[in-house]
Amino acid sequence: MGMMVTARRVEAAADEIRYEFGLDGKFDRILTIDPRTLGTQIDDGDVDSAAGAITAKIVKAWRSSGEFPTRMLFAS
C-alpha cells in the first residue's frame, strides 16, 4: 500500500513559508521553509519519509515556477 501526503500553505512571510501536512488528509504536522536558503524544519523534529517527500515536491514546484504552491500532494 502506498503513501499519500497532502500539504496546504498556511502562512507566507518574507522569512518563512509554513505548511500544514500529514498522511491521508490529516493536517497534523507543520513544515517551515526558509525561502532564502530552502532550509526546512518540521515542528516535531521527525524528518521521516512523509516529511521528506512533501518537502522535496514543494521545493521542486518552487524551482519550476518561482512560487511556493498553495497545495501539494505526494502519492507513492
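Calculation rules
- Residues numbered from 1 in each chain as written.
- Predicted model: local features only at pLDDT ≥ 70, side-chain atom pairs only at ≥ 80, totals over all residues.
- Heavy atoms only, no water.
- Pairing = 2+ DSSP bridges.
- Helix = DSSP H or I, 4+ residues; strand = E, 2+ residues; numbered from the N terminus.
- Axes fitted to C-alpha atoms, helices over the stretch in contact; angles between N-to-C directions.
- Contact = heavy atoms within 4.5 Å.

Student: Mind showing me how you'd approach the sheet that holds strand β2 (residues 17-23) here?
Tutor: Strands belonging to one sheet form pairs held by backbone hydrogen bonds; the direction of such a pair is parallel or antiparallel. The antiparallel open sheet is built from five strands, whose spatial order is β4-β3-β2-β1-β5. Bordering the open sheet on either side are β4 (40-42) and β5 (71-75), each of which pairs with just one other strand. Taking the axes of each pair of neighbouring strands and ignoring which way they run, one obtains an average angle of 25° across the sheet. Sheet analysis places strand β3 (residues 29-33) next to β4, joined by three bridges and oriented antiparallel. Its bridge partner being in β4, Ile-33 is matched across the sheet by Thr-40. The strands that helix α1 (residues 49-65) touches are β1 (4-12), β2, β3, β4 and β5; relative to β5, the one it contacts most, it runs at about 130°.

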